Amino acid sequence: MTGKREHNEQPDQPTARHRRDKGMQRRRVLIGGGTAALAGGLVAAGLASADTVTSSTTATDQATSTVSTDASASASASTGVCTLTAEVTEGPYSLDGALVRTDLREEKEGVEVQYTFTVVDQDNDCAPLADAFVELWHCDALGEYSGYVGKNGHTEDDDGTFLRGGQLTDTSGQVSLISIWPGHYVSRAVHVHMRVHTGVTVADGTYTGGTVVHTGQLFFDADLNEKVQATSPYSDNTTAETVLADDTIYDDGGSASGLLTLTALGTSVSDGYTATLTVGVSTT
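Keep in mind that this is a model prediction, so the values were computed, not measured. (Residues numbered from 1 in each chain as written. Predicted model: local features only at pLDDT ≥ 70, side-chain atom pairs only at ≥ 80, totals over all residues. Heavy atoms only, no water.)

A few points about the overall build of the protein
For the record, the criterion: Under the DSSP-based scheme used, a helix requires at least four consecutive residues in state H or I and a strand at least two consecutive residues in state E, with every element numbered from the N terminus. When checking whether two residues touch, look at their non-hydrogen atoms; a contact exists if any pair is within 4.5 Å.
Within the protein, the secondary structure is distributed over one helix and 16 strands. Residue pairs in contact within the protein that sit at least 24 positions apart in sequence constitute 76% of those at least 6 positions apart.

A closer look at the packing of aromatic side chains
Convention followed: Within 6.5 Å between ring centres, the rings of Phe, Tyr and Trp (the latter by its six-membered ring) count as paired, and their orientation is classed by plane angle as stacked under 30 degrees, edge-to-face over 60, tilted in between. Throughout, exposure labels follow a simple rule: accessible area from a 1.4 Å probe, protein chains only, divided by the maximum for the residue type, with under 20% read as buried, over 50% as exposed, and the rest as partly exposed.
Within this structure, the stated rule accounts for nine aromatic pairs. Ring geometry for Y115 against F117: centres 5.5 Å apart, planes inclined by 15°, an arrangement best described as stacked. Residue Y115 shares its accessibility class with F117, and that shared class is buried. When the centroid spacing of 5.7 Å and the interplanar angle of 75° are considered together, the rings of Y145 and Y185 count as edge-to-face.

Section: the pairing of strand β11 (residues 191–198)
Worth spelling out the cut-off: Pairing between two strands requires that DSSP report at least two bridges joining them.
Burial within β11 is extensive, with eight of its eight residues counted as buried. Side chains H191, H193, R195 and H197 of β11 all project onto a buried face; the interleaved residues V192, M194, V196 and T198 project onto the opposite face, where all are buried too. Pairing between strand β8 (residues 133–137) and β11: five bridges, direction antiparallel. Counted as the bridge partner of W137 is H193 from β11. Relative to strand β14 (residues 211–219), β11 is paired through eight bridges, and the arrangement is antiparallel. When the sheet's bridge partners are listed, H193 is paired in β14 with Q217.

A look at helix α1 (residues 222–229)
Formally: Taken from the helix axis, the directions to the C-beta atoms give the arc we talk about. Each polar contact in these results corresponds to two N or O atoms within 3.5 Å; when the atoms are within protein, one needs to be able to donate a hydrogen and the other to accept it, and residues that are neighboring in sequence are counted only if both atoms are side-chain atoms.
Looking only at α1, the buried set comprises L224, N225, V228 and Q229. Within α1, the buried residues cover an arc of 130° as seen down the axis, which keeps them to one side. Tucked into the core, α1 has its buried residues touching β15 (261–264) and β16 (273–281). Between the side-chain oxygen at the start of α1 and the backbone nitrogen of D223 there is a gap of 3.2 Å, and the oxygen is on D221.

Quick look at the nonpolar core
How we decide: In this description, a nonpolar core means a group of buried Ala, Val, Leu, Ile, Met, Phe, Trp, Tyr and Cys residues linked to one another through side-chain atoms lying within 4.5 Å.
Formed by 36 residues in total, the largest nonpolar core has its most connected members in Y115, F117, L136, W181, L218 and L260. Per-element accounting of this core gives the leading share, five residues, to β16.

A few points about the sheet that holds β8
Counted only if it meets this: For helices, the fitted line uses only the C-alpha atoms of the stretch in contact; every axis is such a line through C-alpha atoms, and the angle between N-to-C directions lies from 0 to 180 degrees.
As summarised here, the arrangement of the four strands in space is β9-β8-β11-β14, forming an open sheet in which the pairing is antiparallel. Sheet topology places β9 (164–168) and β14 at the edges, where each strand pairs with a single neighbour. This sheet shows a mean twist of 20° between the axes of neighbouring strands, independent of strand direction.

What about the environment of D96?
Looking at where D96 falls in the secondary structure, it is placed in the loop between β5 (85–86) and β6 (112–121). Separated by 111 residues in the primary sequence, D96 and Y207 place their C-alpha atoms 9.1 Å from one another.

Overview of the side chain of H184
Position of H184 relative to the elements: it lies in the loop between β10 (174–180) and β11. Residue classification places H184 among the buried residues on the basis of a relative accessible area of 4%. Sequence-distant contacts of H184, that is, excluding residues within four places in its chain, are made with C139, A141, L142, G143, V190, Q229, N237, T239, A240 and E241.

Encoded structure:
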């Protein structure tokens, strides 16, 4: 590791056959809950007072102390102000060479989540950022990550790729991905990891090269998560769960960070949710 890391996923980081050591990188990033980047400007959301759930439940927990919130973030492209400062660990479960795909689930069961992200460039008047590779990875319903199965106390087959992957943003800076609601494991609240890359080369279903311009984590409304974790197959996970308010990264409250805007797809938890977020990055 190069440099000091303020927050760690776990006291003892696991190893895996695909793992390489990486240092913390400091980046400037806006993460606003469920906003849309328009050609004429960015309406930035996700401040402390924002409503992050459009289903029957309203978020009561708000995001991490690693983000400094400034009301000036609510500005149009004419001012070019769309940046908050954040520092978030990528955690110990990343792998290189993510698959380029829209559906990350493979054979994993769980509550469907349909993600839509809008990436904007604060160095270009907050314009939509095309051809950025948005990468996600997270654990399954039992708290296990592909490539590291067994690190969180369960035994199952490990093909090294489930619940990992990403896609390039379109000309509007948008990308859509499908996965499941993550499970939980000891010491962390339910979350999803994210990286945004620029300048990648896509070939043979994966990517090479490029520059990481954002590393972050995404979080879920605590009340909705409680309902999801009570359903099958999540209820088969008997490990202790850390609630959002006690998470070491999503802590202290007061800013929106990676708290997703969630919309129910039906009347039942099992029907799934849409999840939206606008991510502003500094490409320089």
